[in-house]
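What follows is the residue order along each chain.
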Amino acid sequence: MRISERLARIKPSATLAVNTKAQELQAQGREIVSLAVGQPDFCTPINVCEAAKAALDDGFTRYTAVPGIPELREAVAGYYGRFYGAKAGAANAIVCNGGKQVLYNLLMALVNPGDEVLIPAPYWVSYPAMVQLADGESVFVPTSADDGYLVTLEGLEAARTDRTRVLILNSPSNPTGCCYTQAQMEAIAEWARRNGIFLISDEVYDRLVYAPFEPASLAKTWELYPETIAIVGALSKSFCMTGWRVGYALAHEDLVKAMTKIQGQSTSNINSIAQRAAVAALNGPWEVVDEMKQAFVGRRDLAYEIITGWGAPCPKPDGAFYLFPVLDKFYTADAPDSAAMCTKILEEVGVALVPGSAFGDDKCIRFSYAVDDEVLKSALAKVGSVLLGK
Ligand SMILES: Cc1ncc(COP(=O)(O)O)c(C=O)c1O
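No experiment lies behind these values; they were computed from the predicted model shown. (Residues numbered from 1 in each chain as written. Predicted model: local features only at pLDDT ≥ 70, side-chain atom pairs only at ≥ 80, totals over all residues. Heavy atoms only, no water.)

**Here we look at the side chain of Ser-338**
Mapped onto the elements, Ser-338 comes out in helix α13 (residues 338–349). Separated by 2.5 Å, the side chains of Ser-338 and Asp-362 make a polar contact. Leave out the neighbours within four places in its chain, and Ser-338 touches Tyr-331, Pro-355, Gly-356, Ser-357, Asp-362, Cys-364 and Ile-365. (Helix = DSSP H or I, 4+ residues; strand = E, 2+ residues; numbered from the N terminus. Polar contact = N/O pair within 3.5 Å; in protein donor to acceptor, adjacent residues only side chain to side chain. Contact = heavy atoms within 4.5 Å.)

**Digging into empty space enclosed by the protein**
Per the counting criterion, the structure on display carries two cavities of 30 Å³ or more. Its volume calculated, the largest cavity comes out at about 130 Å³. Forming the walls of the largest cavity are 17 residues, and the residues nearest its centre are Pro-120, Pro-122, Asn-170, Ser-173 and Tyr-180. Elements that contribute at least two residues to the lining of the largest cavity include exactly β3 (116–121) and β5 (164–170). (1 Å grid on protein atoms, 1.4 Å probe; cavity = no way out; pocket = protein on both sides within 12 Å on 5 of 7 lines; lining within 4 Å. Points joined across faces, edges and corners; volume = space filled by probe spheres on them.)

**Topic: the site of the ligand**
Near the ligand there are 15 residues, and of these Gly-99, Asp-202, Ser-236, Lys-237 and Arg-245 occur at the shortest range. Tyr-205 places a polar side-chain atom, nitrogen or oxygen, 2.8 Å from an oxygen atom of the ligand. Notes on the ligand: free accessible area 390 Å², of which the protein chains cover 93%. With four residues, helix α5 (residues 98–110) is the single largest residue contributor to the shell around the ligand. For the shell around the ligand, the per-class residue count stands at six nonpolar, five polar and four charged. (Near = heavy atom within 4 Å. Areas by Shrake-Rupley, 256 points an atom, 1.4 Å probe, with all protein chains shown as cover. Nonpolar A, V, L, I, M, F, W, Y, C, P; charged D, E, K, R; others polar.)

**Observations regarding helix α14 (residues 373–387)**
Its 15 residues place the ends of α14 21 Å apart at the C-alpha level, agreeing with the 21 Å of an ideal helix rising 1.5 Å per residue. Buried within α14 are the following residues: Leu-376, Ala-379, Leu-380, Val-383, Gly-384, Val-386 and Leu-387. Taken down its axis, α14 places every buried residue within 155° of arc, on the same side. Packing partners of the buried residues in α14 comprise β1 (33–34), α12 (287–309), α13, β10 (351–352) and β12 (365–368). Residue Gly-389 follows α14 closely and has a positive phi angle near 65°. (Expected span 1.5 Å × (residues − 1). Buried < 20%, exposed > 50% of the residue type's maximum accessible area, 1.4 Å probe, protein only. Arc of directions from axis to C-beta.)

Next comes the structure, spelled out in structure tokens:
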């Protein structure tokens, strides 16, 4: 089979090996607990499901406008007004198949061959592959557990060249759960603007931030400088809607048009029924999100206490539902890196985790705490027994 050179350059997902192994073990009848999941374990809120049912009953099953139905684009703009005080109109919003397609469309619309894209590391797995698909070059800006995995202006400045076109900032972060404050985000946006660098602010976890940390967003800064920033959002994580595939961007009208052109020639509109459901989600009520957040806070505290109890450096995350401890001191001759250690843990105690190498830091392993307390506690005890050799 002759596959394009473009695709040959893309590395297969580093998470695949662990997933394949987990499936193999399950097929053999082994019970596997997954702390590898990137989605909440709660159900999509009832009012959202009802809106979808009503859409079906109304026969709302045809093509829609590519960037989304007008009421959904209004609702997206309204969301940024309601939570962050940003003034935007429907023309500034586009709805895509998850945050993932938003990011893909943005990079396709912004990056020319050879352009450099700054990516603070550790990073979400798909950024480098998307940059590659857009013929750009990823330039990683390292951060460490000691700095709370937050990039500094000095770090960014050291990575900047004449070819830097885009910076992707992700807060709250997958895989670390760490968050930038509003002031830190604004300082980075100001640095990017001063240097003619377009800032993509991936805020797909923006509602999953735990008190006393305040949710932060560059939506208001976007309003002041719409030609230099795009905000990426999604209902996947905050509304437990991963399978519905609803993501959105807040962007300059011209950029929305460019993204619409790409989407119009690839996937067209997202699912019409999901769009009606998304209007219901974005227009509230929001109490369900707060209830879920409360559960996550308890789980974060539980997991943090156990993992740091192993003596593993790990900043306490203020958002999302992941912990990213530094575990390399536990690597062994038979498990000398994060992928091998994840395979060993899976084989020995049946717990699936994601190796840090998938996120650009082989010293770490990602733990998701989007499972219930008892499952979390027992899975962590098993992982601890492998790492500590007890
Ligand atoms: C940081 C980050 N950005 C974007 C996405 C994509 O989200 P979606 O599932 O809405 O495509 C994810 C999903 O895991 C993510 O973690």
